[in-house]
Amino acid sequence: MTDTDIALLLADAADGVEIGIAPYQAVIRGGRRLRARRWALATAAALVVTGASGTLALASLRDGGGVEVTPAVSGQPTPSSPQERHVYGPQQTVIAAGTLGTETWTVAVDEWGAPRDELEAQTQFQAMRTSGEVPVDVTKASQLVGKSSFFVRRTFGDASPRVITQNTVDPKEKMTGTDLESVALSLDPQHTMPQRLVIGQVATTAQEVTCTWKDGTSTLAHRLPSGADVNSDDSGIRPVAGSVDNWFVCVGPEGTTFDSVKVTG
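On a predicted model such as this, the values are computed, not experimentally measured, just so you know.

Analysis parameters
- Residues numbered from 1 in each chain as written.
- Predicted model: local features only at pLDDT ≥ 70, side-chain atom pairs only at ≥ 80, totals over all residues.
- Heavy atoms only, no water.
- Pairing = 2+ DSSP bridges.
- Helix = DSSP H or I, 4+ residues; strand = E, 2+ residues; numbered from the N terminus.
- Axes fitted to C-alpha atoms, helices over the stretch in contact; angles between N-to-C directions.
- Phe/Tyr/Trp six-rings, centres within 6.5 Å; stacked < 30°, edge-to-face > 60°.
- Buried < 20%, exposed > 50% of the residue type's maximum accessible area, 1.4 Å probe, protein only.
- Salt bridge = Lys/Arg side-chain N within 4 Å of Asp/Glu carboxyl O.
- Core = buried A, V, L, I, M, F, W, Y, C linked by side-chain atoms within 4.5 Å.
- Contact = heavy atoms within 4.5 Å.
- Disulfide = S-S within 2.5 Å.
- Polar contact = N/O pair within 3.5 Å; in protein donor to acceptor, adjacent residues only side chain to side chain.
- Expected span 1.5 Å × (residues − 1).
- Arc of directions from axis to C-beta.

> Just checking my understanding: could you explain the sheet that holds strand β14 (residues 218-222) for this structure?
Strand pairing in a sheet is mediated by backbone hydrogen bonds. Such pairs are either parallel or antiparallel. Across the sheet, 3 strands lie side by side as β14-β13-β17; this open sheet has antiparallel pairing. Looking at strand neighbours, the two that pair on one side only are β14 and β17 (258-263), the edges of this open sheet. Between one strand axis and the next, the sheet turns by 15° as a mean value, whatever way the strands run. Examined bridge by bridge, strand β13 (residues 208-213) and β17 share 5 bridges and lie antiparallel to one another. Looking at β17, one finds that W213 is bridged to F258.

> When you look at the packing of aromatic side chains in this model, what are you seeing that I'm missing?
Aromatic ring pairs: the centre-centre distance and the angle between the two ring planes describe each pair. Enumeration according to the criterion identifies 1 aromatic pair in this entry. With a centroid separation of 5.1 Å and an interplanar angle of 85°, the aromatic rings of F150 and W247 are classed as edge-to-face. A residue pair is termed long-range when its members are at least 10 positions apart, and F150 in strand β9 (residues 148-156) and W247 in strand β16 (residues 246-251) qualify at 97 residues. We note that F150, like W247, is buried.

> For this particular structure, what's the right way to read the pairing of β16?
The side chains of a regular strand alternate between the sheet's two faces. Among the 6 residues that make up β16, 6 are buried, leaving the element largely enclosed by the rest of the structure. Of the two faces of β16, the one holding N246, F248 and C250 and the one holding W247, V249 and V251 are both buried throughout. With 6 bridges joining them, strand β12 (residues 195-202) and β16 adopt antiparallel strand pairing. Bridging from a neighbouring strand, V198 pairs with C250 of β16. Two strands pair when backbone bridges link them, and strand β15 (residues 236-239) and β16 are joined in this way by 4 bridges, in the antiparallel orientation. Within β16, the residue paired with G236 across the bridge is V249. The turn joining β15 and β16, which pair antiparallel and follow one another in sequence, is formed by 6 residues; a positive phi near 90° is taken by G242.

> For this particular structure, what's the right way to read the pattern of salt bridges?
Side chains that carry opposite charge are capable of pairing whenever their charged atoms lie near each other. For the structure shown, the criterion picks out 5 salt bridges. Taking the shortest distance from any N to any O, the salt bridge between E120 and R85 comes out at 2.7 Å. Of this pair, E120 sits in helix α2 (residues 118-131) while R85 sits in the loop between β6 (68-69) and β7 (91-100), placing them 35 residues apart in sequence. For the pair E120 and R85, one class covers both residues: buried.

> Just checking my understanding: could you explain unusual backbone geometry for this structure?
Excluding glycine, a negative phi dihedral is what most residues carry, and trans is how most peptide bonds are arranged. Phi at H86 is positive, roughly 60°, even though this residue is not glycine. For H86, the position within the fold is in the loop between β6 and β7. With a phi close to 60°, H191 is a non-glycine residue in the positive phi region.

> In this structure, what is going on with the nonpolar core? I would like to understand it.
Where a protein is soluble and globular, its nonpolar side chains tend to be buried together. Among the nonpolar cores identified, the biggest contains 19 residues, and I95, W105, V107, L197, I199 and W247 are the most heavily contacted of them. In contact with V107, not counting residues within four places along its chain, are T93, V94, I95, A96, V152, R153, R154, L197 and I199.

> Can you help me understand the environment of A114 in this one?
Topologically, A114 is positioned in the loop between β8 (103-112) and α2. Residue class for A114 comes out buried when judged on its relative accessible area of 11%. Measuring from C-alpha to C-alpha, the distance between A114 and Q124 comes to 9.2 Å, with 10 residues separating the pair along the chain.

> What should I look at first to understand the state of the cysteines in this one?
As enumerated under the stated definition, the model contains 1 disulfide in all. C211 shares a disulfide with C250; S-S distance 2.2 Å. For the disulfide bridge between C211 and C250, the dihedral angle about the S-S bond is near 80°, and by the sign convention the bridge is right-handed. Of this pair, C211 sits in strand β13 while C250 sits in strand β16; the two residues are 39 residues apart in sequence, bridging distant segments of the chain. The pair formed by C211 and C250 is uniform in burial state, with each residue classed as buried.

> Even after reading the chapter, I still don't get the side chain of R85, so can you show me in this structure?
For R85, a relative accessible area of 2% gives the class buried. Engagement of the side chain of R85 in a polar contact is seen with the backbone oxygen of A114, the distance being 3.4 Å.

> What should I look at first to understand α2 in this one?
Think of an α-helix as turning once every 3.6 residues; residues three or four places apart then point the same way. Spanning 14 residues, α2 covers 20 Å between terminal C-alpha atoms, matching the ideal 20 Å at 1.5 Å per step. Those residues of α2 that sit buried are E120, A121, Q124, F125, A127 and M128. With its buried residues spanning 165° around the axis, α2 presents them on a single face. Exposed residues pointing more than 90 degrees away from the buried face of α2 are listed as L119 and T130. Close packing links the buried residues of α2 with β8 and β9. For α2, the N-terminal capping position is held by D117, with its side-chain oxygen 3.2 Å away from the main-chain nitrogen of L119. A positive phi of about 75° marks G132, the residue just after α2.

Shown next, in the form of structure tokens:
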């Protein structure tokens, strides 16, 4: 059994429970409990699961390219070709950048559009394999039909980008209210330092996320406009191309580690 398998089993078995193995990474969920939202960690070490059950409320839909549309009965056009919907190649958005010592690091989100049929799914599955971004819980191409996939990649120094977390979800399951799902990890890819980097998803209506650290301080991530520059060590909430939810990043101060995170505005 792999570390990722263990992480997924723990996520299903625990709710509001902290399971500590080593202080390397943590998954945090808040707001409603979204059963389909099971982030798969590239390295499972520490897991925190929080949340409350609730019902889904979809005010609108978005296509696989992240473009908001009204339901089909309205007759509003949507992108038609797989290329236009980014089925065969992801859209990438850089959401964080910074420095640690003499090394620079960046975090980017790759969003693959949802295939509409099995043929599109088979072509996407092959493209994912070629790019090294195959969903860990997908065993056959047909499982990708109607679902979008994201991969969060981190680049550190001169090393090749590495996937740190990923998921495949129904794009109609849009986050609302205080829904939140995130991962806390060390800025150091070898996990030898405290968890000072928090990356996650929130509803597009969220204006503020508060990350609290073990030393009692807090970092506020405020909503940024589309296309806003990614500046070194900045925290913020921003749209990601192809994603039905917004993404946020908190960077904590030196000498402390992650404690909690929630939507506060």
